[in-house]
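Summary of structural features
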Amino acid sequence: MRKNLLKIASIFSIALISVTGNFAQDTTKHSATTVAPPLFSGTSGFRTWSVGLQAGAMMPFAAFGGKTDFSKGLTRLEYGGYIKYQATHTIGIQLDILRGTLEGNNDKLWGGAPPVSPYTSFKTDVHWAASLSGVVTLGNISWSQLHTAIQPYLSLGVGYVNFNPTTVS
């Protein structure tokens, strides 16, 4: 299990390092002798299109409560990407795609409790998942003309998942 998590963390780190530098904002337009674009000057200082890749761990887990019929969720690799169009300083449209697998079983019951499900395990192949979101970036305006390290954003959208669940009795 520990080796799998280490492999997943390594893949995620390599993907993050290789993607983030390639799609950063273009700073070649502004040398030390030129001034950064003035506030509210449109998108001239931004790349309007961006593309990204991601990989990580996928596990059946309800972050805000909820209940699962399986006592042990298994960590599996997931991967995907996005395409984003930044229309203005603050508003963008983003298409996300994802693929992966969810798995769980009843191997690890707490306190010898009986399983709450008639099934011993499950596996769900997420063939593809896609979402289209509107993104409002709150930190793209650099009020002090300095580079910001954190750029908070809000995202609202819709999505669809194509999956195939399998259960074992």
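Source: prediction; values computed, not measured.

1. Observations regarding the overall build of the protein
Summing up its helical and strand segments, the protein has one helix and six strands in all. Listing every helix and strand of the protein by position from the N terminus yields α-β-β-β-β-β-β. For the protein, with 169 residues in total, the buried portion stands at 25%. When contacts within the protein are restricted to residue pairs at least 6 apart in sequence, long-range pairs at least 24 apart make up 65% of them. Per element, the accessible surface of the protein, about 12,000 Å² overall, is 65% carbon and sulfur.

2. Regarding the pairing of strand 4 (residues 91-105)
Taken together, the three bridges between strand 2 (residues 72-74) and strand 4 define a ladder with antiparallel strand orientation. Across the sheet, the residue bridging to Gly73 is Gly104, located in strand 4. The hairpin turn running from strand 3 (residues 76-86) into strand 4, its antiparallel successor, is four residues long. Relative to strand 5 (residues 121-137), strand 4 runs antiparallel, the two being bridged by 14 bridges. Note that in strand 5 the partner of Leu98 across the bridge is Ala129.

3. Here's the deal with the side chain of Ser50
Along the polypeptide, Ser50 turns up in strand 1 (residues 49-58). With residues near it in sequence (within four places) discarded, Ser50 still touches Tyr82, Ile83 and Lys84.

4. A look at the packing of aromatic side chains
The final tally for this structure, using the stated rule, is two aromatic pairs. Ring centres of Trp49 and Tyr85 lie 4.9 Å apart, and the angle between their planes is 50°; this geometry places the pair in the tilted category. Here Trp49, found in strand 1, pairs with Tyr85, found in strand 3; they are 36 residues apart in sequence, far enough to count as distant. When the ring of Trp128 is compared with that of Tyr160, the centres are 5.6 Å apart and the planes differ by 40°; the resulting orientation is tilted. Here the residue Trp128 occupies a position in strand 5, and Tyr160 occupies one in strand 6 (residues 153-168), the gap between them amounting to 32 residues. The exposure class of Tyr160 is exposed, given its relative accessible area of 54%.

5. Section: the pattern of salt bridges
A complete count under the given rule lists one salt bridge for this structure. Two residues, Glu103 and Arg76, come together in a salt bridge whose shortest N-O distance is 2.7 Å. Taken as a pair, Glu103 in strand 4 and Arg76 in strand 3 lie far apart in primary sequence, 27 residues in all.

6. Quick notes on the side chain of Thr124
Tracing the chain through its elements places Thr124 in strand 5. The exposure class assigned to Thr124 is buried, which follows from its relative accessible area of 11%. Not counting residues within four places of it along the chain, the set of residues in contact with Thr124 comprises Gly100, Thr101, Leu102, Phe163, Asn164 and Pro165.

7. So, the pairing of strand 5
One ladder, built from 16 bridges, connects strand 5 with strand 6; its direction is antiparallel. Directly across from Ser133, in strand 6, lies its bridge partner Gly157.

8. As for the environment of Lys72
Note that Lys72 resides in strand 2. Using a relative accessible area of 31% as the deciding quantity, one classes Lys72 as partly exposed. Along the chain, Lys72 and Asp107 lie 35 residues apart, while their C-alpha atoms are 6.6 Å from each other.

Conventions used here
Residues numbered from 1 in each chain as written. Predicted model: local features only at pLDDT ≥ 70, side-chain atom pairs only at ≥ 80, totals over all residues. Heavy atoms only, no water. Helix = DSSP H or I, 4+ residues; strand = E, 2+ residues; numbered from the N terminus. Buried < 20%, exposed > 50% of the residue type's maximum accessible area, 1.4 Å probe, protein only. Contact = heavy atoms within 4.5 Å. Areas by Shrake-Rupley, 256 points an atom, 1.4 Å probe, with all protein chains shown as cover. Pairing = 2+ DSSP bridges. Phe/Tyr/Trp six-rings, centres within 6.5 Å; stacked < 30°, edge-to-face > 60°. Salt bridge = Lys/Arg side-chain N within 4 Å of Asp/Glu carboxyl O.

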